[in-house]
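# Geometric and topological summary
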Amino acid sequence: RHRPSTTLRAAAAGVATRPEDRARKIPALLWPAWTEKLAPNRLDREVAASALAASVLLVGSDLTHGAALRLLDPESPGRRVSHLMTTLGRSRAEGRSIGAIVELADYLDRTDTPIDYSRRRALDYSALLPEREWQDLCEEEGVNAGSARRWRAARHALFALVTGSRVDAAPFPDSLTGQARAMARDFLARAPVRVRQAVEGVAVAFLQANNIDEPLIWAPP
């Protein structure tokens, strides 16, 4: 009978944690395996993942939907995400999702997690995978580099991999639209294994160049 946000705000997480501190431990899009588990029937996976991540910040806080989103992704499609947040947990498939979000917040508050997502979101990505590096990478792996659109898709996908954010959140001058956005979202899943591994190597080198000694990706159990 209660709004999901009311239930989440009333719940007490493990320790008294500022939302800003918890936001450091959460990607702007909740981890894919968690999104699949907590919102299995939502058609727009990106909106669902954004709503779930923001919901974790609501636990035990006095944040509004908008304030929670701004800590993770100031440019997120706020209206669509907020609408999903107001209906979260109402369906049978999501019957346990609210309780799981509270447990996840409790786990994050009590655990020293290996990735600081806030720091990653604040990095300068202007030098990430320039077109010449992409072409050299493809030549080394014996694959066709394709058009500039394929390079942009790879670059945006790499940003999303490093930060856990939307491909549209990448601070590149060439924004994505339509088919290019879909290509970027699916790029790593569709790329040949050797290309994906090479791109992941670029991501690891980028983190090291920024003096960040963290695993490339991680998710709570």
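This section reports on the structure supplied with the text. In this text the structure is predicted, and so the values were computed from the model without any measurement.

### Quick notes on the pattern of salt bridges
- Applying the stated criterion to the full structure yields 14 salt bridges.
- Of the charged contacts in the structure, one is a salt bridge between Arg-120 and Glu-214, with a shortest N-O distance of 3.0 Å. In this pair, Arg-120 sits in helix α8 (residues 117-121) while Glu-214 sits in the segment after α12 (193-209), placing the two residues 94 residues apart along the sequence.
- Across the pair Arg-190 and Asp-186 runs a salt bridge whose closest N-O atoms are separated by 3.9 Å. Residue Arg-190 and its partner Asp-186 are both found in helix α11 (residues 178-190); the two are separated by 4 residues, about one turn of the helix.
- What emerges from the salt-bridge pattern is a single network uniting Arg-119, Arg-120 and Glu-214.

### Side note on the nonpolar core
- Residues Ile-26, Leu-30, Val-56 and Ile-101 are the most contacted members of the largest nonpolar core, which totals 38 residues.
- Of all the secondary structure elements, the ones that give two or more residues to this core are α3 (32-38), α4 (45-58), α5 (65-72), α6 (78-87) and α7 (97-110).
- The biggest single contributor to this core is α4, with 9 residues.
- Excluding anything up to four places from it in sequence, Ile-26 contacts Trp-31, Ala-53, Val-56, Leu-57, Leu-72, Leu-108, Tyr-117 and Arg-121.
- Counting 35 residues, the second largest nonpolar core, distinct from the first, contains Leu-123, Ala-145, Phe-187 and Phe-206.

### Remarks on the packing of helix α10 (residues 148-163) against α11
- Contact geometry of α10 with α11 gives a least axis separation of 8 Å together with a crossing angle of 55°. Relative to α11, the element α10 is oriented oblique. Along this stretch, α10 crosses α11, giving a crossing that reads as right-handed. Along its contact with α10, which presents Arg-149, Arg-150, Ala-153, Ala-154, His-156, Ala-157 and Leu-161, the element α11 presents Gln-179, Ala-180, Met-183, Ala-184, Phe-187 and Leu-188.
- Residues that form the contact of α10 with α11 fall into these classes: 9 nonpolar, 2 polar and 2 charged.

Rules used in this analysis
Residues numbered from 1 in each chain as written. Predicted model: local features only at pLDDT ≥ 70, side-chain atom pairs only at ≥ 80, totals over all residues. Heavy atoms only, no water. Salt bridge = Lys/Arg side-chain N within 4 Å of Asp/Glu carboxyl O. Helix = DSSP H or I, 4+ residues; strand = E, 2+ residues; numbered from the N terminus. Core = buried A, V, L, I, M, F, W, Y, C linked by side-chain atoms within 4.5 Å. Buried < 20%, exposed > 50% of the residue type's maximum accessible area, 1.4 Å probe, protein only. Contact = heavy atoms within 4.5 Å. Axes fitted to C-alpha atoms, helices over the stretch in contact; angles between N-to-C directions. Parallel < 35°, antiparallel > 145°, perpendicular 65-115°, else oblique. Left-handed = near helix turned anticlockwise from the far one by under 90°. Nonpolar A, V, L, I, M, F, W, Y, C, P; charged D, E, K, R; others polar.

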